[in-house]
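These are the residues of each chain, in order.
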Amino acid sequence: MNIGIVGLGLMGGSLAKAVKKYGIAKKVYGYARSEKSKKEIQELGLVDELVDIQTLKDSCDLIVLAIPVDNIISFLPNLLDIDKNTTIMDLGSTKEFIVKNIPEQIKENFIAAHPMCGSEKFGPKASMDNLYEGKTVVLCNLENNTDLHKNRAIKVFQDIGMRLVFMDSHNHDVHACYMSHLPHAISFSLANTVMNHEDPKSIIALAAGGFTDMSRIAKSSPNMWTDIFKQNRENLLNSIDLFEDHMKKVREMVEKEEYEKLEEWMKKANTLHEIL
């Protein structure tokens, strides 16, 4: 089959590499808007050919939208006249808002997917050879899709070595919030706290593994994460409330010098890594 990828950054570029590596696509087409991205995509050889939207629709069996979540919604009107046998799939980090806004004309064609992988890097140069292998992909609301599109998406993800999880879009967004969106909000907050308190020389001299690990994802794309926070607003606000409750507990235990209680609280947190 021919695969077209809209957005050749970390996720889209890495997918292009994966489908080539495993011989899934006869030809990989790409679509990008900025001249800078087009140049980098061509230099990296991520796709066989960069084309316009109409060529994507005419030539591809599968079109993958690997762009920020708000852009996915705004891009869909370009695909309303898609052939009934052409699969459309997004890789967005939120799902409920997208699923609710799929136009009726392409609802059967549209696969809502979220590969649970990535890094803080973005753009074509961030594409990786083995981003997807061994990772989990969540497929949402497949009851909306015909067997052709459902089976095509499942086969692509299985062929690139991913584990499949099936979930409705609402539950996905709740779980993704705690596993991904809240940690990003905390990391951005930590980075801004340190930047507003410490001078750069001290940060360079004293930043150790713990700070580096926790602040790493604060290097992620602000544009992308603003869209994600906006689309998953209610779940994010709820998770921040719960996180703030725990921060208040820490503050209270330290203030009252309840160190045995604090130690037990931290031991409970340690049990998370028995699950991971």
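Named according to an unreviewed UniProt entry, the protein is prephenate dehydrogenase originating from Poseidonibacter ostreae. The Pathway (unreviewed entry) field of the UniProt record for the protein holds the comment "Amino-acid biosynthesis; L-tyrosine biosynthesis; (4-hydroxyphenyl)pyruvate from prephenate (NAD(+) route): step 1/1."

Novice: Can you lay out the domain arrangement of the protein for me, pointing to particular residues and giving the numbers?
Specialist: Domain boundaries assigned for the protein yield domain 1 (2-167) and domain 2 (180-274). Look at where the C-alpha atoms of domain 1 and domain 2 centre, and you get two points 31 Å apart. Domain 1 puts 10 residues into the contact, and the matching count from domain 2 is 12 residues. Of the roughly 1000 Å² buried at the junction of domain 1 and domain 2 (both faces included), carbon and sulfur atoms supply 56%. Of all residues in domain 1, Asp70, Thr94 and Glu120 give up the largest surface area on contact with domain 2, accounting jointly for 49% of the area buried on that side. Linking domain 1 with domain 2 are 1 salt bridge. Close ionic contact of Lys230 with Asp70 constitutes a salt bridge, the shortest N to O distance being 2.6 Å. Taken together, domain 1 and domain 2 are joined by 5 residue pairs in polar contact (both at pLDDT 80 or more). Looking at the side of domain 1 that touches domain 2, the elements that each hand over two or more residues are helix 4 (69-75) and helix 5 (96-100). When residues in the side of domain 1 that touches domain 2 are grouped by element, the largest group, 3 residues, is from helix 4. Counted by class, the side of domain 1 that touches domain 2 contains 6 nonpolar, 2 polar and 2 charged residues.

Novice: Account for a nonpolar patch on the surface, naming residues and giving values.
Specialist: Among the surface-exposed residues, Met116, Tyr178, Met179 and Leu242 lie close enough to one another that they form a single nonpolar patch of about 390 Å² accessible area. Secondary-structure assignment places Met179 in helix 7 (residues 169-197). Under the relative-accessibility criterion, Met179 is labelled exposed at 63%.

About the criteria used
Residues numbered from 1 in each chain as written. Predicted model: local features only at pLDDT ≥ 70, side-chain atom pairs only at ≥ 80, totals over all residues. Heavy atoms only, no water. UniProt positions renumbered as here; feature names shortened; annotations may be inferred. Domains from an automatic or database assignment. Contact = heavy atoms within 4.5 Å. Buried area = accessible area lost by both parts, 1.4 Å probe. Salt bridge = Lys/Arg side-chain N within 4 Å of Asp/Glu carboxyl O. Polar contact = N/O pair within 3.5 Å; in protein donor to acceptor, adjacent residues only side chain to side chain. Helix = DSSP H or I, 4+ residues; strand = E, 2+ residues; numbered from the N terminus. Nonpolar A, V, L, I, M, F, W, Y, C, P; charged D, E, K, R; others polar. Patch = residues over 30% accessible without salt bridge, like charges linked within 9 Å, V, L, I, M, F, W, Y side chains within 5 Å. Areas by Shrake-Rupley, 256 points an atom, 1.4 Å probe, with all protein chains shown as cover. Buried < 20%, exposed > 50% of the residue type's maximum accessible area, 1.4 Å probe, protein only.

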